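Each chain is listed here by its residues.
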Amino acid sequence: NAGVTQTPKFQVLKTGQSMTLQCAQDMNHNSMYWYRQDPGMGLRLIYYSASEGTTDKGEVPNGYNVSRLNKREFSLRLESAAPSQTSVYFCASSVGGNTEAFFGQGTRLTVV
Amino acid sequence: GEDVEQSLFLSVREGDSSVINCTYTDSSSTYLYWYKQEPGAGLQLLTYIFSNMDMKQDQRLTVLLNKKDKHLSLRIADTQTGDSAIYFCAESPLSPSASKIIFGSGTRLSIRP
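Conventions used here
- Residues numbered from 1 in each chain as written.
- Chains lettered and ligands numbered in written order.
- Predicted model: local features only at pLDDT ≥ 70, side-chain atom pairs only at ≥ 80, totals over all residues.
- Heavy atoms only, no water.
- Contact = heavy atoms within 4.5 Å.
- Buried area = accessible area lost by both parts, 1.4 Å probe.
- Salt bridge = Lys/Arg side-chain N within 4 Å of Asp/Glu carboxyl O.
- Polar contact = N/O pair within 3.5 Å; in protein donor to acceptor, adjacent residues only side chain to side chain.
- Helix = DSSP H or I, 4+ residues; strand = E, 2+ residues; numbered from the N terminus.
- Nonpolar A, V, L, I, M, F, W, Y, C, P; charged D, E, K, R; others polar.
- Disulfide = S-S within 2.5 Å.
- Buried < 20%, exposed > 50% of the residue type's maximum accessible area, 1.4 Å probe, protein only.
- Pairing = 2+ DSSP bridges.

J.: Is there a simple way to explain the interface of chain B and chain A in this structure?
T.: Quite often, the size of an interface is put as the accessible area lost when its parts meet. Across the contact, 23 residues belong to chain B and 20 residues belong to chain A. Both faces considered, chain B and chain A share a buried interface measuring about 1700 Å² in area, 54% of it formed by carbon and sulfur atoms. The tally of links between chain B and chain A comes to zero salt bridges. Along the contact surface separating chain B from chain A lie four residue pairs in polar contact (both at pLDDT 80 or more). Elements that contribute at least two residues to the side of chain B that touches chain A include exactly β4 (31-37), β5 (43-50) and β9 (85-92) of chain B. Top contributing element to the side of chain B that touches chain A by residue count: β4(B), with four residues. A breakdown of the residues in the side of chain B that touches chain A according to their chemical character gives 13 nonpolar, nine polar and one charged.

Dropping the structure here:
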């Protein structure tokens, strides 16, 4: 029972570098989400995908892009990393809106 | 707009009850949740309450909902060291897209011996 799997678990980037965070779920969920977690600010929604083929901006989308590759996978891309993007990133999935969200273990990203 | 607020820290003595409070703004929210995050881990759903309920009890956990004041609380009876974690309040606003969950900042619960 893998649930929601994120890779990598840790990453250090230099300012200006790009990278893609991968997320996959094996629960046949329709909705997938990317959040960032910063001290004292809780989880802030970056982007979400209500269903395969759709994506929408959340609260803090600037500097990020997403791809809902298929029903299982939802990736988050940083085109030109900035120190302000240093954070812990969580991917989550749910059957749909108003239902329990299942979270991955997180990716700790540091941009120097 | 949508906003969820909660205090950042709570310290209680082992064996006492913990009460974590939360206020939310979107009166259309159909579900309100409490998630628990242990160190180095993702969030896990602890309990939830549907908006037409006032109270829900599940073993040591009691959730109280005051819709008029948009206030949600989580009471943990007989708090144990294993309850040390960050607790997040969250709401699920009713919207056409109906597909996002808004989280509060989290309350870090620490247990004193």
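Once you've had a look at it, read on.
J.: What is the right way to read the state of the cysteines from this model?
T.: Note: disulfide means a covalent bond formed between the sulfur atoms of two cysteine side chains. Counted under the stated rule, the structure contains two disulfides over all chains. Disulfide partner of Cys23(A): Cys91(A), at an S-S distance of 1.8 Å. A torsion of -75° about the S-S bond marks the disulfide between Cys23(A) and Cys91(A) as left-handed. Remark: Cys91(A) occurs in strand β9 (residues 87-94) and Cys23(A) occurs in strand β3 (residues 19-25); sequence separation between them is 68 residues. We classify Cys91(A) as buried; its relative accessible area is 0%. A sulfur-sulfur distance of 2.0 Å marks the disulfide that ties Cys22(B) to Cys89(B). The sign of the S-S torsion, about -65°, decides the handedness of the disulfide formed by Cys22(B) and Cys89(B): left-handed. Pair noted here: Cys22(B) is in strand β3 (residues 18-24) and Cys89(B) is in strand β9, with a separation of 67 residues, a long-range link. Grouping residues by exposure puts Cys22(B) and Cys89(B) together as buried.

J.: What is the right way to look at the pattern of salt bridges in this model?
T.: Close approach of charged atoms lets side chains of opposite charge pair. Within this structure, the stated rule accounts for six salt bridges over all chains. Note that Arg77(A) and Glu79(A) form a salt bridge whose closest N and O atoms lie 3.1 Å from each other. According to the relative accessible area criterion, Glu79(A) is partly exposed, its value standing at 44%. The partner of Glu38(B) in a salt bridge is Lys36(B), and the shortest N-O contact between them spans 3.3 Å. Residues joined in a network through salt bridges with shared partners are Arg36(A), Asp38(A) and Arg44(A).

J.: I keep staring at unusual backbone geometry and nothing clicks. Help me out?
T.: Peptide bonds are, in most cases, trans, and in most cases residues other than glycine have a negative phi. Looking along the chain, the bond that leaves Thr7(A) and enters Pro8(A) is cis, with omega of -5°. If you check the backbone angles, Lys70(B) has positive phi at about 55° while not being a glycine. Following the sequence through the fold, Lys70(B) ends up in the loop between β7 (61-66) and β8 (71-76). Overall, the relative accessible area of 25% leaves Lys70(B) in the partly exposed class. Positive phi, close to 50°, is recorded for Asp78(B), a residue that is not glycine.

J.: Just to check I follow, could you spell out the sheet that holds strand β1 (residues 4-5) of chain B for this structure?
T.: Pairing between sheet strands relies on hydrogen bonds along the backbone, with the strands arranged either parallel or antiparallel. All names here are of chain B. Here we have five strands laid out as an open sheet, ordered β1-β3-β8-β7-β6, and antiparallel in their pairing. Looking at the sheet topology across the chains shown, the edges are occupied by β1 and β6 (55-58). In the sheet, β3 pairs with β8 via six bridges, with the strands oriented antiparallel. Note that in β8 the partner of Cys22 across the bridge is Leu72.

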